[in-house]
Amino acid sequence: MPDLPDPVDLAIPAFVLLVLAEMLVARLKDRRRYCPKDTLTSLGLGFGSTIAGILSGGLVVALAMWVHQFALFDIGYAWWVFPVAFVLDDLAYYVFHRSAHRVRWFWASHVIHHSSQHYNLSTALRQTWTGFFSLGFLFRLPLFLIGFPPPLVFFVAGVNLVYQFWIHTETIGRMPRWFEAVMNTPSHHRVHHATNARYLDANYAGVFIVWDKLFGTFVAERDDDRPRYGIVRNLGSFNILWAATHEWIGIAKDVWRAPGWRNKLNYMIREPGWSHDGSRDTSAMIKARWAAKHGEAQDAWTSSTSSSSAEDRAAAPPRAA
């Protein structure tokens, strides 16, 4: 069994240098791209996510090893296994990521990554503290059951995460057409982070944008509709603890107040924004109204979701310090 390193650990010095370089570019060209309080919040959430990962990592590895003992095949570490595992892991990430926007339980963890109203490399570091609690690791279990060795899967998953760092930027416009056609890029991922009705709930890709094109969730960035970032109802706060837990608190309040067990369950498993009395908007509703107003057809595959915590209705923080 090869001793595979953690790609994220190896990439941390590069992450730091690139964030500093982008901050310098922003200072020279457009200071609005960075807000000191927002950046500190992102860094704090990233640090907390690292601690949470250390605390829960052993349990995830133990579960992966347990599932792997029931593997259908003994795939091993041949050279061709790495690219195959990388592609299949990226597909698993697409399924997870799409689910994280469609199921409120998963969204409660993932919303942290979308809560910044700025889009820069520090946003990539704004990660969840509750990924283990929300069971996001379940989406990779099929890879272990197929027969891919857990260390190899964790390695390619780390490479996937490292790739996604550089696409969180406005400094890069568009890549060459052939690259944009196959790979996830800053342009594609800006769409994913945007709250514009046109862009809601699109471009879930990790590395290969072809998954979105194949499954009907791709939306191209347009120069006449620049992305606006954040969540549909922004936090209105730079409080790190609130950013990390606000949707879980929202779920708890909704479940407590909801009439009947079916409604209580739906507040956990239905799309964010769902309410038993129709008093809130899901992103599908927002996008449908926008499409009707602008005379554009809405693809059922790309119906969208939004945060439904009541506190998210607060006013947005300033765009820059």
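Residues numbered from 1 in each chain as written. Predicted model: local features only at pLDDT ≥ 70, side-chain atom pairs only at ≥ 80, totals over all residues. Heavy atoms only, no water.

Draft legend 1. Expanded view of the nonpolar core. Core analysis: the largest hydrophobic core is formed by 22 residues, its most contacted members being Phe144, Phe148, Tyr163, Met183, Val207 and Phe208. Secondary-structure elements contributing two or more residues to this core are α2 (36-68), α3 (81-102), α5 (141-146) and α6 (150-165). Counting nine residues, the second largest nonpolar core, distinct from the first, contains Leu45, Trp107, Ile231 and Leu235. (Core = buried A, V, L, I, M, F, W, Y, C linked by side-chain atoms within 4.5 Å. Buried < 20%, exposed > 50% of the residue type's maximum accessible area, 1.4 Å probe, protein only. Helix = DSSP H or I, 4+ residues; strand = E, 2+ residues; numbered from the N terminus.)

Draft legend 2. Examining the confidence of the model for the protein more closely. In this model, the protein carries an average pLDDT of 90, and 92% of its residues clear a pLDDT of 70 or more. Below pLDDT 50 for its whole length, residues 299-321 participates in 89 contacts with residues either more than four positions away or in separate chains. (pLDDT = per-residue confidence, 0-100. Contact = heavy atoms within 4.5 Å.)

Draft legend 3. Layout of unusual backbone geometry. One non-glycine residue, Leu135, lies in positive phi territory at about 70°. For Leu135, a relative accessible area of 35% translates into the label partly exposed. The phi angle at Asn203 is positive, at roughly 55°, despite the residue not being glycine.

Draft legend 4. Here's a closer look at the packing of aromatic side chains. The final tally for this structure, using the stated rule, is 19 aromatic pairs. With a centroid separation of 6.3 Å and 80° between ring planes, the pair formed by Phe82 and Phe155 is classed as edge-to-face. Here the residue Phe82 occupies a position in helix α3, and Phe155 occupies one in helix α6, the gap between them amounting to 73 residues. With a centroid separation of 5.6 Å and 65° between ring planes, the pair formed by Phe96 and Phe139 is classed as edge-to-face. Placement of the pair is Phe96 in helix α3 and Phe139 in the loop between α4 (104-114) and α5, with a sequence separation of 43 residues. Connected via pairs of aromatic rings, a cluster forms that spans Tyr93, Phe96, Phe106 and Phe139. Just above the ring of Phe218 sits the side chain of Lys213; from NZ or CZ to the centre is 5.0 Å. (Phe/Tyr/Trp six-rings, centres within 6.5 Å; stacked < 30°, edge-to-face > 60°. Lys NZ or Arg CZ within 6 Å of the ring centre and 35° of its normal.)

Draft legend 5. Inspection of the packing of helix α10 (residues 240-257) against helix α11 (residues 261-269) at higher detail. One can describe the packing of α10 onto α11 by two numbers: an axis separation of 8 Å at closest approach and a directional angle of 165°. Our classification of the angle between α10 and α11 gives roughly antiparallel. By crossing handedness, the relation of α10 to α11 is classed as right-handed. Contact residues: Ile251, Asp254, Val255 and Trp256 in α10; Lys264, Tyr267 and Met268 in α11. Of the residues belonging to the contact of α10 with α11, the class tally is five nonpolar, no polar and two charged. (Axes fitted to C-alpha atoms, helices over the stretch in contact; angles between N-to-C directions. Parallel < 35°, antiparallel > 145°, perpendicular 65-115°, else oblique. Left-handed = near helix turned anticlockwise from the far one by under 90°. Nonpolar A, V, L, I, M, F, W, Y, C, P; charged D, E, K, R; others polar.)

Draft legend 6. View of α2. When the terminal C-alpha atoms of α2 are compared, their 45 Å separation across 33 residues agrees well with the 48 Å that a helix rising 1.5 Å per residue should span. Ser56 marks the point of greatest bend in α2, at about 45°. (Expected span 1.5 Å × (residues − 1). Bend = angle between axes of the 7 residues up to and from the residue.)

Draft legend 7. Representation of the side chain of His168 within the structure. Note that His168 resides in the loop between α6 and α7 (177-182). Side chain to side chain, His168 and His189 meet in a polar contact 3.2 Å long. Ignoring anything within four residues of it in the chain, the contact list for His168 reads Glu22, His113, Tyr119, Asn120, Leu121, Ala124, His189 and His193. (Polar contact = N/O pair within 3.5 Å; in protein donor to acceptor, adjacent residues only side chain to side chain.)

Draft legend 8. Highlighting the packing of α4 against α10. Closest axis-to-axis distance for the α4/α10 pair is 6 Å, and the angle between their directions is 155°. For the element pair α4 / α10, the angle class is roughly antiparallel. For α4 against α10, the interelement crossing comes out right-handed. Along the contact surface, α4 presents Arg104, Trp105, Trp107, Ala108, Ser109, Val111 and Ile112, while α10 presents Ala243, Ala244, His246, Glu247, Trp248, Gly250, Ile251 and Asp254. Of the residues that constitute the contact of α4 with α10, the class distribution is nine nonpolar, three polar and three charged.

Draft legend 9. Spatial organisation of helix α12 (residues 283-294). Compared with the 16 Å implied by 1.5 Å per residue over 12 residues, the 16 Å span of α12 between its first and last C-alpha is a close match. Of the residues making up α12, those classed as buried are Ser283, Ile286, Lys287, Trp290 and Ala291. End-on view of α12: buried residues confined to an arc of 130°, all on one side of the axis. Among the exposed residues of α12, those pointing more than 90 degrees away from its buried face are Ala292 and Lys293. Once α12 finishes, Gly295 follows within two positions and takes phi at roughly 70°, a positive value. (Arc of directions from axis to C-beta.)

Draft legend 10. Broad picture of the pattern of salt bridges. For the structure shown, the criterion picks out 14 salt bridges. One salt bridge in this structure joins Arg126 and Asp38, with 3.1 Å as the shortest N-O distance. Taken as a pair, Arg126 in the loop between α4 and α5 and Asp38 in helix α2 lie far apart in primary sequence, 88 residues in all. Under the relative-accessibility criterion, Arg126 is labelled buried at 2%. Each of the salt bridges in this network shares a partner with another, and the network as a whole consists of Arg104, Glu247, Asp254 and Arg280. (Salt bridge = Lys/Arg side-chain N within 4 Å of Asp/Glu carboxyl O.)

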